[in-house]
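Now for the letters of each chain:
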Amino acid sequence: MPLNDKPLSWDPLEAADTVDANVLASAKKREIKNILKSYVSNYDPLSELIQNAMDAVEKRCRAEEDVVPKVQVNIDLTDNSIEVVDNGCGFEEAEFKAFLAPSISFKSGGETRGNKGVGVTYIAYGFNDLTIRTKNKHFSFQGTLRRGREWIEDQAGTVSRPLIVQATTSSTAFDELDEGTSFKIAFSGKHVRPSNLGWYQAKTAEQWLYMLLVKTPLGAIQLPDCSASSVQFDLNVVDKEGNVTSIEHQPAKYKFPHLEIKASQQLRKIVEVQQKALDAGKDPSRAIDKFRKSNGIYEVYSCEEALELTRLSADEIALAKAHDVTAYGYFAYSTEIWDQLNDKKAKLRKGLRIIRGGLQIASNGMPQGELITIPLTKSIGHQNQSHVIVHFEGAEPDLGRKGFQPELKELAEKIAVGVVKQLSARREDILKSDSGAQVDIEKELKVHEWLKHQEKHEADHPLLLKNDGFFLPTKKISVMCVPQSEQDVIVLFNQLIAGGVIRGMKLLATSQSSQYDGVFRFSAEEPLSAYEFDQKTNPLGVFEEQLTKAYTTQPKVLEYKFCLDGLIREFEGGDKHENDVDLAVFWEMGTEFDKEYTVVSYLDDEQTHHRPHHGLTHRLSSANSHIEVICLKELFQLLNDPKEAQEHQQSKYGDDI
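So, here is what we can say about the structure in this document. In this text the structure is predicted, and so the values were computed from the model without any measurement.

### Digging into the overall build of the protein chain
The helix and strand tally for the protein chain stands at 23 helices and 22 strands. Counting only contacts in the protein chain whose residues sit at least 6 apart along the sequence, the fraction spanning at least 24 positions is 71%. Split by element, the accessible area of the protein chain, about 32,200 Å² in all, is 50% carbon and sulfur.

Here's what the structure looks like:
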């Protein structure tokens, strides 16, 4: 360079604008194509549309106090389209003309779910039919962008660069807004994911709801209180036959498993009860009897609590604090819980597991990306029983929604492992056994031989009833008076079985000469819904999560008494043995039980999940055994006055520490 020549200087970004238009267009096309490659999930279009809608309504709410934030999701399987409508702030004209371009974002960051400016580019050029509608006090427009994906994938130069043109269609939902925006995608053409909304195999609003609340920002994750977002939404689904199902005023909140699976216990509460017992000088193991045989155990962790779960480096601790990391964990007694949750509650297609074991990384109040396998080195099967969420505030996933930076992912995995280890450590004393209760093989030979004889008699001489006309039309029990004797109890009990109040008891025999009163089986036959608990219509039922299949147990021993005190005195005198008796049926509980037994009341709403079979009212537990019981007096109280029954159960059998 000559000494007298001045050195050149320029702005590379400004210089790019002077490059040949064709070269610039090709560069933009490559940039957009790279953005599209980063979106790999069939849930991405839903997530991006909903994310933008929620940001828009929250932005308007920050500016206007009297606005109720609302999002509407319209899914139409007849024309293979999704429309997301919001009553947010809408676009200014300059924003509207520029926001579809790659890396252009008008979001402020910090108060929004995303601000990289690639999501709307994906929506615009990842599909072939996008209609955008927006309006506010300053600007309104309704336009359509077609063949965006075809242009991106076109290698021969035969597809013209798409333009936004005036829309020729209308949207009723958008027209009803005073301000807001509507994005509608019609799915068609090659390279579009999903190419058809039929992929989800969801036909009703109820089915779509679960997917939206687990896989999109509508599943708001706000830890540690697990609260809902301020945004509510409506969901309308039109199936291929034109049938419409709707859900209105639904809070945006993640489907946390403990809120979906009955009989789920919080670890924190268990520890508190045990500590309270210790402080009172009582047995902490007996204090948590009401928590036992649960379906799952869960906990929510603040940043400080999450950091205590595992050993972290100084850099990892600083990273966790910078992103105010929080966590949630749920440990199920069996992976079959996930099957039931997806098949029976979400009612999704067989094999589609929306909620299952794994690590869900979340940021800015919403789930991001797919579930990750929790990297356990021991008890590997526990990773499939555990659903863990690790949330980072202000963390941005890589371009699109593929994943997070390695250091964030590794931190989340370490925290997840700590969560699983803490929760799984309580599985044996809190959760049900995955293999079911073990058969007691310690019964005396005399009892064993009697059971075998009655089992053979059942097989050789079955008693069948094939008339559907009984117990009609009065639907009233035939026993007219309160029982006064053991024989009255037997008659009343049989009436309750015959009338369907107690379901699934199969009586094999009664005896006046044997040591015990009778032989029976517990059973549940199809349809299993007849045994499912319902607060009003079937309060003696079993939670649906426990009814995995029809069953009939081995023969068991039954004892009748007018009052439980009589049976306990027989145990004390050695006339009968508590290990032999499987079920006791009596009119009133008496007072003797309080000497040796703890009572779990299935009639108490907080303990109903312990009920293993239909109709049982309580379980007596001693140091050596437990006995299922039916207290007919308290059963009638529950059926006749549920509120009074609750107060009675909690005061008589509740925690008295």
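Next comes the rest of the description.
### Examining the packing of aromatic side chains
Using the criterion set out here, one finds 17 aromatic pairs in the structure. Pairing Tyr39 with Tyr122 gives two aromatic rings, centres 3.9 Å apart and planes at 10 degrees, and the pair type is stacked. Of this pair, Tyr39 sits in the loop between α2 (21-37) and α3 (44-63) while Tyr122 sits in helix α5 (residues 119-125), and the two are 83 residues apart along the sequence. Of the two residues examined, Tyr39 and Tyr122, each falls in the buried class. Ring geometry for Phe493 against Tyr560: centres 5.9 Å apart, planes inclined by 65 degrees, an arrangement best described as edge-to-face. With a gap of 67 residues between them, Phe493 in helix α19 (residues 486-498) and Tyr560 in strand β18 (residues 556-560) connect regions that are remote in the sequence. In this structure, Phe493 and Tyr560 share a single accessibility class: buried. Within the aromatic cluster, the residues linked to one another by ring pairs are Tyr39, Tyr122, Phe127 and Phe187. Above the ring of Tyr210, the side-chain terminus of Lys255 is found at 4.5 Å from the ring centroid.

### Quick notes on the pairing of strand β6 (residues 180-186)
Across the seven residues of β6, six count as buried, placing the element largely inside the fold. Pairing analysis gives six bridges linking strand β2 (residues 81-86) to β6, with the strands arranged antiparallel. Of the residues in β6, the one forming a bridge with Asp86 is Thr181. Examined bridge by bridge, strand β3 (residues 129-135) and β6 share six bridges and lie antiparallel to one another. Paired with Thr134 across the bridge in β6 is Thr181.

### Focus on the sheet that holds strand β8 (residues 244-251)
The eight strands are arranged β5-β4-β3-β6-β2-β1-β7-β8 in an open sheet whose pairing can be described as mixed. Looking at which strands have only one partner, the edges of the open sheet turn out to be β5 (164-166) and β8. In this sheet, neighbouring strand axes are inclined to one another by 15 degrees on average, regardless of whether the strands run parallel or antiparallel. Relative to strand β4 (residues 140-146), β3 runs antiparallel, the two sharing seven bridges. Each bridged residue has a counterpart across the sheet, and for Arg133 the counterpart in β4 is Gln142. The sheet contacts of α3 involve β1 (70-76), β2 and β6, and relative to β2 the element is tilted by about 10 degrees.

### Things to note about the sheet that holds strand β9 (residues 264-266)
Here six strands make up an open sheet; going across it, the order is β9-β10-β11-β14-β12-β13 and the pairing mixed. For this open sheet the edge positions go to β9 and β13 (366-367), each flanked by a neighbour on one side alone. As defined by bridge partners, strand β12 (residues 358-363) adjoins β13 across two bridges and the pair is classed as antiparallel. Each bridged residue has a counterpart across the sheet, and for Ser363 the counterpart in β13 is Met366.

### Some remarks on the nonpolar core
Grouped together as the largest cluster of nonpolar side chains are 114 residues, with contacts concentrated most on Trp208 and Leu235. Considering every element that reaches this core, the biggest residue donor is helix α16 (residues 406-424), with nine residues. Each residue touching Trp208, except ones within four places of it in the same chain, is listed here: Leu46, Ile75, Leu77, Leu197, Tyr200, Ala202, Lys203, Leu235 and Val237. Membership of the second largest hydrophobic core comes to 25 residues, among which are Phe493, Leu540, Trp587 and Leu616.

### Considering the environment of Pro483
One can find Pro483 in the loop between α18 (445-460) and α19. Counting along the chain gives 149 residues from Pro483 to Leu632, while the straight-line C-alpha distance between them is 9.5 Å. Every residue in contact with Pro483, bar those within four places of it in the chain, is listed here: Asp488, Val489, Leu492, Phe562 and Trp587.

### Remarks on the side chain of Gln340
With respect to the helices and strands, the residue Gln340 is situated in helix α14 (residues 336-345). When its relative accessible area of 10% is taken as the criterion, Gln340 is described as buried. Within polar-contact distance, the side chain of Gln340 engages the backbone oxygen of Glu545 at 2.8 Å. Setting aside anything within four residues of it in sequence, one finds Gln340 in contact with Lys345, Glu544, Glu545, Gln546, Leu547 and Thr548.

### Remarks on the side chain of Ser601
Locating Ser601 in the fold gives a position in strand β20 (residues 598-601). With a relative accessible area of 1%, Ser601 lands in the buried category. Side-chain polar atoms of Ser601 contact the side chain of Gln649, separated by 2.5 Å. Setting aside chain neighbours within four positions, we find Ser601 in contact with Gln607, Thr617, His618, Gln649 and Tyr653.

### Side note on the pattern of salt bridges
Should the charged atoms of two oppositely charged side chains come close, the side chains can pair. All chains considered together, the criterion is met by 27 salt bridges. Across the pair Glu64 and Arg60 runs a salt bridge, and its minimum N-O distance is 3.3 Å. On the basis of relative accessibility, which here comes to 26%, the residue Glu64 falls in the partly exposed class. The salt bridge involving Glu316 is made with Lys414; its shortest N-O contact spans 2.9 Å.

### Quick word on the state of the cysteines
Within the structure shown, the criterion is met by zero disulfides. In this model Cys89 remains outside any disulfide bridge; the closest cysteine sulfur is found in Cys61, 10.0 Å from its own.

### Comments concerning unusual backbone geometry
Residue Arg193 is joined to Pro194 through a cis peptide bond whose omega torsion reads -5 degrees. Turning to its location among the elements, Pro194 is positioned in the loop between β6 and α8 (205-215). In this structure, the amide linkage connecting Glu526 to the following residue, Pro527, adopts the cis form with an omega of 0 degrees. Within the fold, Pro527 resides in the loop between β16 (518-524) and β17 (551-552). At His191, a residue that is not glycine, the phi angle is positive and equals roughly 65 degrees. Within the secondary structure layout, His191 lies in the loop between β6 and α8.

### Brief notes about the packing of helix α13 (residues 314-322) against α16
Contact geometry for α13 and α16: axes closest at 11 Å, N-to-C directions at 95 degrees. Taken as axis vectors, α13 and α16 run roughly perpendicular relative to one another. In this structure, α13 contributes Glu316, Leu319 and Ala320 to the contact, and α16 contributes Glu407, Leu408, Leu411 and Lys414. Considered class by class, the residues forming the contact of α13 with α16 number four nonpolar, no polar and three charged.

### So, a negative patch on the surface
Taken together, the side chains of Glu304, Glu308, Asp324 and Glu393 make up a negatively charged region of the molecular surface. By the element assignment, Asp324 lies in the loop between α13 and β11 (326-332).

Conventions we followed
- Residues numbered from 1 in each chain as written.
- Predicted model: local features only at pLDDT ≥ 70, side-chain atom pairs only at ≥ 80, totals over all residues.
- Heavy atoms only, no water.
- Helix = DSSP H or I, 4+ residues; strand = E, 2+ residues; numbered from the N terminus.
- Contact = heavy atoms within 4.5 Å.
- Areas by Shrake-Rupley, 256 points an atom, 1.4 Å probe, with all protein chains shown as cover.
- Phe/Tyr/Trp six-rings, centres within 6.5 Å; stacked < 30°, edge-to-face > 60°.
- Buried < 20%, exposed > 50% of the residue type's maximum accessible area, 1.4 Å probe, protein only.
- Lys NZ or Arg CZ within 6 Å of the ring centre and 35° of its normal.
- Pairing = 2+ DSSP bridges.
- Axes fitted to C-alpha atoms, helices over the stretch in contact; angles between N-to-C directions.
- Core = buried A, V, L, I, M, F, W, Y, C linked by side-chain atoms within 4.5 Å.
- Polar contact = N/O pair within 3.5 Å; in protein donor to acceptor, adjacent residues only side chain to side chain.
- Salt bridge = Lys/Arg side-chain N within 4 Å of Asp/Glu carboxyl O.
- Disulfide = S-S within 2.5 Å.
- Parallel < 35°, antiparallel > 145°, perpendicular 65-115°, else oblique.
- Nonpolar A, V, L, I, M, F, W, Y, C, P; charged D, E, K, R; others polar.
- Patch = residues over 30% accessible without salt bridge, like charges linked within 9 Å, V, L, I, M, F, W, Y side chains within 5 Å.
- Lys, Arg positive; Asp, Glu negative; His and termini not counted.
- Charge placed at Lys NZ, Arg CZ, Asp CG, Glu CD.

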